[in-house]
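Each chain is listed here by its residues.
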Amino acid sequence: MSKKPWAGRFTQPTDQFVEAFTASIDFDQRLYRYDIQGSIAHARMLARQGIIAEGEARTIVDGLEAILADIEQGDFEFSVALEDIHMNIEARLIERIGPVGGKLHTARSRNDQVALDIRLYLRDELNRIQEYLDRLQEALLNQAEANLGVIMPGYTHLQTAQPVLFSHHLLAYYEMLRRDAGRFSDLFKRLNVLPLGAGALAGTTFPIDREFVAEQLGFAGVTRNSLDSVSDRDFALEFCAAASILMMHLSRFSEELILWSSADFDFITLSDAFCTGSSIMPQKKNPDVPELVRGKTGRVYGNLMGLLTVMKALPLAYNKDMQEDKEPLFDTLDTVIGSLKIFADMIAQLSVKADSMRQAAARGFSTATDVADYVVRKGVPFRDAHEIVGKTVRYCIEQSKDIPELSLAEFRSFSEHIDEDIYDYVTLDASVNARRATGGTAREAVQREIASARRERAERN
Ligand code: ARG
């Protein structure tokens, strides 16, 4: 059995089940690259400060690089007896380069080491998330552009409210994702500081240079309090919170895709590649992908609640409870990245049933507000106009007629302010294109938003 680096004060070996129970190697091995990256920066700093010899640092760095290559080639056996990724790598280092490997842990503790590893790891993963977010946004913009004339019913309470451009509806999700990206880049700033140098909790007696390590690892600065450095997991919580909001957005979108692809709505067709069939009903094509994304939103919320609960009421500084931070964090990352990736492809391959959407938009008196606005422009107070059009709609229901089908005489029986030009206002296109102010659904307003999104993206890339 491998000798534990902390075995010195113990007389009995660890119980085997306890060993397995307390180990994190099964899940924290995914941090290996960052653990080595952090150790290399630390070793260089130790030599630069004269804490270890230059030659020793070189031997350590070479050893770590060789271990990295081994792990990458699958030539590394992770040992549960060695508990976690930190001790697995350190033990292997000593095995490889001899006792000098034992100098790497000078002026460091696993407590500041693990805080560093997670920050380094999450930093890279956040960049990946931004890329996938970007791909989904691109897919939305492309669909919005390709389907610019398509009109669909806009809903409130899932009741037909006013006609909107399908592109406008898609751009609503573009905005949500824009805020999501903002939340991730915002938390990145708080994440991007070096915790190493905190030691176990109180700092270190060695003359370390934290700023040098921070610079080598591309951090914007160093943490300001050693107790906080080893016990802070806000960055993981912030990430899980931002991820929860993102997943909430994707689950709303999923819900709409599921509704829209049903025979009752019939607004879109999801590519076969994103659906599955039924083992008993031959006609079925089930929207599994959006359903699963909607379902996975639950586990991401659960991870946030789990992690908040792990951290709740923990006394300063490090506590073993905090080892429970990794699985919810990793699971959230995997779920978010998977969901974004599949969503981007699904949106890119979506096909739109424009006629069916337009027919649906024409039902449900979706231009009633336009009649009210028309009467208001003739000087009638809005509340009275609302009453007039309410009666008009009731009449339409009784007569089984749509608003544009009413004769001028019928219109005028509700208000003498209505003239022949009313017919210019009650079509779907007129209704949509009348909403021209910034953020409205008029074709020109939507085109402006697409153009500004394109500009913003061009500037960013
Ligand atoms: N595996 C541990 C974790 O993930 C590393 C830090 C352990 N520190 C300690 N003092 N036991 O939290």
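It should be noted that the structure appears before, not after, this text.
Position numbers for residues start from 1 in each chain and track the written sequence from start to end. Selection of residues for local features in this predicted model requires a pLDDT of at least 70, selection of side-chain atom pairs for listing and counting requires 80 or more, and totals for whole chains, interfaces and linings are taken over all residues. Hydrogens and water molecules were not included; the side-chain quantities draw on all heavy atoms of the structure.

1. What about the packing of helix 3 (residues 32–48) against helix 5 (residues 85–97)?
- Between helix 3 and helix 5, the least distance of the axes is 10 Å, while the angle of their chain directions is 60 degrees. In terms of orientation, helix 3 lies oblique with respect to helix 5. The interaxial crossing formed by helix 3 with helix 5 has right-handed handedness. Contacts between helix 3 and helix 5 involve Tyr-32, Asp-35 and Ile-36 on the former and, on the latter, Ile-85, His-86 and Ile-89. Think of each axis as a best-fit line through the C-alpha atoms, taken over the contacting stretch in the case of a helix, with angles from 0 to 180 degrees between the N-to-C directions. Under the scheme used here, helices are H or I runs from DSSP no shorter than 4 residues and strands are E runs no shorter than 2 residues, and both carry numbers assigned from the N terminus. Oblique is the label for any angle not covered by the other classes, which are roughly parallel (under 35 degrees), roughly antiparallel (over 145) and roughly perpendicular (65 to 115). Here a crossing is taken to be left-handed if its near helix is turned anticlockwise relative to the far helix by less than a right angle, and right-handed if that turn runs clockwise. The contact definition used throughout considers only heavy atoms, calling two residues in contact when any of these lie within 4.5 Å.

2. Some thoughts on the site of the ligand
- The nearness test applies per residue and asks whether one of its heavy atoms lies within 4 Å of the molecule or strand. The local shell around the ligand consists of Ser-24, Asp-84, His-86, Arg-110, Asn-111, Val-114, Tyr-318, Gln-323 and Lys-326.
- Counted as a polar contact is a pair of N or O atoms within 3.5 Å, where, for protein atoms, one must be capable of donating a hydrogen and the other of accepting one, and residues adjacent in sequence contribute only when both atoms are in side chains. Between the ligand and Tyr-318, the relevant distance is 2.5 Å, taken from an oxygen atom to a side-chain nitrogen or oxygen of the residue.
- Lys-326 is positioned with one of its side-chain polar atoms (N or O) 2.5 Å from an oxygen atom of the ligand.
- Notes on the ligand: free accessible area 350 Å², of which the protein chains cover 86%.
- No other element matches the three residues that helix 6 (residues 110–146) contributes to the shell around the ligand. To measure how exposed things are, a 1.4 Å probe is used in the Shrake-Rupley method; for residues, cover is taken only from the protein chains shown.

3. Some thoughts on the pattern of salt bridges
- Salt-bridge detection follows one rule: a side-chain nitrogen of Lys or Arg within 4 Å of a carboxyl oxygen of Asp or Glu. Tallied over the full model, the rule gives 37 salt bridges.
- The shortest N-O distance in the salt bridge between Arg-96 and Asp-70 comes to 2.6 Å. One end of the pair, Arg-96, is in helix 5; the other, Asp-70, is in helix 4 (residues 54–72), with 26 residues separating them in the sequence.
- A residue is classified by how much of its surface remains accessible, and Arg-96, at 41% relative accessible area, is partly exposed.
- Looking at Asp-70, the relative accessible area reads 11%, which means it is buried. Relative accessibility decides the category of a residue: with a 1.4 Å probe and only protein chains considered, values under 20% of the type maximum give buried, values over 50% give exposed, and everything between is partly exposed.

4. Side note on the environment of Ser-366
- On the secondary structure map, Ser-366 appears in the loop between helix 13 (354–362) and helix 14 (368–377).
- Under the relative-accessibility criterion, Ser-366 is labelled buried at 2%.
- Measuring from C-alpha to C-alpha, the distance between Ser-366 and Ser-431 comes to 8.8 Å, with 65 residues separating the pair along the chain.
- Setting aside chain neighbours within four positions, we find Ser-366 in contact with Thr-160, Ala-161, Gln-162, Pro-163, Ala-361 and Leu-428.
- At 2.6 Å, the side chain of Ser-366 forms a polar contact with the backbone oxygen of Ala-361.

5. A look at the environment of Ile-151
- The topology assignment puts Ile-151 in strand 1 (residues 151–156).
- For Ile-151, a relative accessible area of 2% translates into the label buried.
- Here the alpha-carbon distance between Ile-151 and Thr-223, two residues 72 residues apart in the chain, equals 53 Å.
- With residues up to four places along the chain from it excluded, the contact list for Ile-151 reads Pro-163, Val-164, Leu-165, Ala-354, Met-357, Arg-358, Ala-361, Leu-428, Asp-429 and Val-432.

6. With respect to the packing of helix 6 against helix 7 (residues 166–191)
- The geometry of helix 6 relative to helix 7 is characterised by a closest axis approach of 10 Å and an angle of 165 degrees between their N-to-C directions. Judged on the interaxial angle alone, helix 7 and helix 6 are roughly antiparallel. Crossing angle aside, the handedness with which helix 6 passes helix 7 is left-handed.
- For the contact of helix 6 with helix 7, the per-class residue count stands at 18 nonpolar, six polar and five charged. Think of it as three bins: nonpolar holds Ala, Val, Leu, Ile, Met, Phe, Trp, Tyr, Cys and Pro, charged holds Asp, Glu, Lys and Arg, and polar takes everything else, Gly as well.

7. Considering the side chain of Asn-111
- Turning to its location among the elements, Asn-111 is positioned in helix 6.
- Here the side chain of Asn-111 touches Ala-200 through a polar contact of 3.2 Å, landing on its backbone oxygen.
- Every residue in contact with Asn-111, bar those within four places of it in the chain, is listed here: Gly-199, Ala-200, Val-230 and Tyr-318.

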